[in-house]
Amino acid sequence: MFHQLDDTIVAVSSPAGTGVRGIIRLSGPGAFGLAAGVFTCDDGCFVAELPGHRRVAGRLWMEATVSVPAEAYTFRAPASYTHQDVIELHTIGSPAVLGAVLERLTSAGARLAEPGEFTARAFFSGAMDLTRVEGVAAIIHARNDSQLRASEALLHGRLSRRSNELREQLVDLLALIEAEIDFSEEAVEFVTPQRVVEVVGRVSEELASLIHHAPSIERLETLPEVMLAGRPNAGKSTLMNALTGMDRAIQSAMPGTTRDVLSAPLSVPGGEVMLLDAAGLDVGAGAFIDEKARHPDAQAQAVARRSMLRTDMLILVVDATDSPRKTLESLRRALPPHPMCVVLSKADLALPAELDRLAGQLRGPTPVHVVSAIAGQGVDSLRDEIGRAVFAAGESSAAELLTLSDRQRQSLRSAYDALRRARHLCEDCPSVMSAAELLAVEIREAITALSLLVGEVATEELLGRIFSRFCIGK
Ligand SMILES: Nc1nc2c(ncn2[C@@H]2O[C@H](COP(=O)(O)OP(=O)(O)OP(=O)(O)O)[C@@H](O)[C@H]2O)c(=O)[nH]1
Ligand SMILES: [Mg+2]
């Protein structure tokens, strides 16, 4: 993949479809020359000779006689994203215009870029290491504030800085151990076993803390799930439609209407979540009906229960007109201990004084929202509550902590394991010399694992996996 780095690539780097702004990006030695074939400056300057870091107004030509207003942004090598000559042509976000210009540029010799190829050039030119490349991919996919902050931390190299510091300490230590090997005849001790244990212990501790406390970026990339749970007919599907503003779920007075798990994205303060609606749960005496039963109702409930285990938040929907206190108690007993909030539904069917009394009965550590999905009462404040519960909790940790991809975690773990073995070797030995060869092997392995992390040693397969997460134009 990306074997050719010195030709000129082109792509539309704005999102697909119609938009306010459309961007065509070129990178490579022919970028400015090719751009000159489709762009003319208003002030008569020649594009191919423009210096870097300029914004010039002009026209973008789809054909010899048809043009639209546009701007060119110039970046000369090496002061550009890819470290090559880069030029961006910004115009209206019309797929027809962008398509016509792209066609002219490729006919003139530019090659259509593959997904992630601009960032790959930044990586291969040394402008960016692999953890930062992953940061770019994560930013492209970020769907809420915490994901964005975590991805930015990666992009700005916080993980590479930290792992490079650790690697430096190991490289210094390895130099001393190798000196023991090289000068084994001399009666000089370059490093004591205690010193090795101390350095290795300190680095291991840092690695362990990263491995155990950094949240997984893969987890951050999926939308948090929020599930509506309650008895059949409680009003879950009606609430889902009211929250999302879509007629996604069938709602009916017949209990047992919803069978499969339905999902729809929902925008809440702080980001986006996936809202789930499933079959109502028959929580009579605190037990579900037999999961093995073949009846579709039982199967639907089993499916609902399984999805519930992996959701990030549960909204317990209890019908204000159907003994809500008893229902809530049985639901609480039967459900997994997730962050929850309670919705007292069908508020339009009860008198305000009765609702106050019921809400008071239900109130406890879990917030209670009085909602009428049909009248629209309480729906907005429920949406705010979801945002608070899902995103506010992760805010501080995402801002302070680094997130790790599975690949990065794997590299850190290999380094940690090698250091554990090194420490073992040193614990009972009288001098470093007596175990120097084996120690050097383990320390070197830890250094290699940390080099893999930042991509100093990167395999074709690894690069393929990372860059496949990009879209064209990035
Ligand atoms: N008056 C009133 N009726 C509602 C409200 N919400 C739901 N209903 C009615 O309650 C009945 C059940 O609503 P659904 O949304 O289908 O209930 P559900 O919890 O999804 O039911 P299952 O899918 O069977 O578990 C329907 O007749 C709805 O019109 C509400 O806020 N006010
Ligand atoms: Mg339903």
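Look up: the structure comes first, before these words.
This text gives an overview of the structure that appears in the document. Per chain, residues are indexed from 1 in the order of the written sequence. To read the labels, note that chains go from A and ligands from 1, taken in the order they are written. Predicted model: local features are reported for residues with pLDDT of at least 70 only, side-chain atom pairs are reported and counted for 80 or more only, and whole-chain, interface and lining totals are derived from all residues. Hydrogen atoms and water are omitted, and side-chain values are computed over all heavy atoms in the structure.

1. Comments concerning the site of ligand 1
Part 1 of the argument: Consider each residue's heavy atoms; a residue with any of them within 4 Å of a molecule or strand counts as near. As a structural note, the neighbourhood of ligand 1 is formed by 22 residues, with Lys 236, Ser 237, Thr 238, Gly 256 and Asp 348 the closest of them.
Part 2 of the argument: Between ligand 1 and the protein, one listed contact pairs an oxygen atom with a side-chain N or O atom of Thr 238 at 2.5 Å.
Part 3 of the argument: Counting of polar contacts relies on pairs of N or O atoms within 3.5 Å, with two restrictions inside protein: one atom must be capable of donating a hydrogen and the other of accepting it, and residues adjacent in sequence are counted only when both atoms are side-chain atoms. Between an oxygen atom of ligand 1 and a side-chain N or O atom of Ser 372, the distance comes to 3.5 Å.
Part 4 of the argument: Protein contact buries 89% of the 650 Å² of open area that ligand 1 shows by itself.
Part 5 of the argument: Ten residue types, Ala, Val, Leu, Ile, Met, Phe, Trp, Tyr, Cys and Pro, are classed as nonpolar, four, Asp, Glu, Lys and Arg, as charged, and the remainder, Gly among them, as polar. Considered class by class, the residues forming the shell around ligand 1 number 8 nonpolar, 11 polar and 3 charged. All accessible-area figures derive from a Shrake-Rupley calculation using a 1.4 Å probe, and residue coverage is judged against the displayed protein chains alone.

2. Points about the coordination of the magnesium ion (ligand 2)
Part 1 of the argument: Here a donor is any nitrogen, oxygen or sulfur atom (N, O, S) within 2.8 Å of the metal, with 3.2 Å used for Na, K and Ca; water is not among the atoms considered, so some sites may look incomplete. Those donors, Ser 237 (OG) and Thr 258 (OG1), are the protein atoms that reach the magnesium ion (ligand 2), and they lie 2.0 to 2.1 Å from it. With Ser 237 in helix H9 (residues 236–244) and Thr 258 in the loop between H9 and strand E9 (262–268), the pair connects residues that are 21 residues apart, well separated along the chain.
Part 2 of the argument: Per-residue accessibility, obtained with a 1.4 Å probe over protein chains only, is compared with the maximum for each type, and a residue is labelled buried under 20%, exposed over 50%, and partly exposed between these values. Using a relative accessible area of 8% as the deciding quantity, one classes Ser 237 as buried. Secondary structure elements are defined from DSSP: runs of H or I of at least 4 residues count as helices, runs of E of at least 2 residues count as strands, and each element is numbered from the N terminus.

3. Some words on the sheet that holds strand E10 (residues 271–277)
Part 1 of the argument: A pair of strands is labelled paired if DSSP reports no fewer than 2 bridges between them. The sheet built from 6 strands is open, its strands ordered E9-E10-E8-E11-E12-E13 with mixed pairing. Here the strands that pair on one side only, and so sit at the sheet edges, are E9 and strand E13 (368–370). Strand-to-strand twist across the sheet, computed as the mean angle between neighbouring axes with direction ignored, equals 25 degrees.
Part 2 of the argument: The contact criterion used throughout is that any non-hydrogen atoms of two residues lie within 4.5 Å. The axes are straight lines fitted to the C-alpha atoms, using for helices just the contacting stretch, and the angles between their N-to-C directions are given from 0 to 180°. Across the face of the sheet, helix H12 (residues 352–362) comes into contact with strand E11 (313–319), strand E12 (340–345) and E13 while running at roughly 160 degrees to E12.

4. Considering the side chain of Thr 311
Part 1 of the argument: On the secondary structure map, Thr 311 appears in the loop between helix H10 (296–309) and E11.
Part 2 of the argument: A relative accessible area of 3% places Thr 311 in the buried class.
Part 3 of the argument: In this structure, Thr 311 is in contact with Glu 225, Met 227, Leu 276 and His 338, ignoring residues within four places of it in sequence.

5. Description of the pairing of strand E4 (residues 54–61)
Part 1 of the argument: Here strand E3 (residues 39–41) runs beside E4; their pairing, made up of 3 bridges, is antiparallel. Of the residues in E4, the one forming a bridge with Phe 39 is Leu 60.
Part 2 of the argument: Inspection of the sheet shows E4 paired to strand E5 (residues 67–75) by 8 bridges, in the antiparallel sense. Residue pairing in the sheet places Leu 60 in a bridge with Val 68 of E5.
Part 3 of the argument: Hairpin connection between E4 and E5: a loop of 5 residues separates the two successive antiparallel strands.

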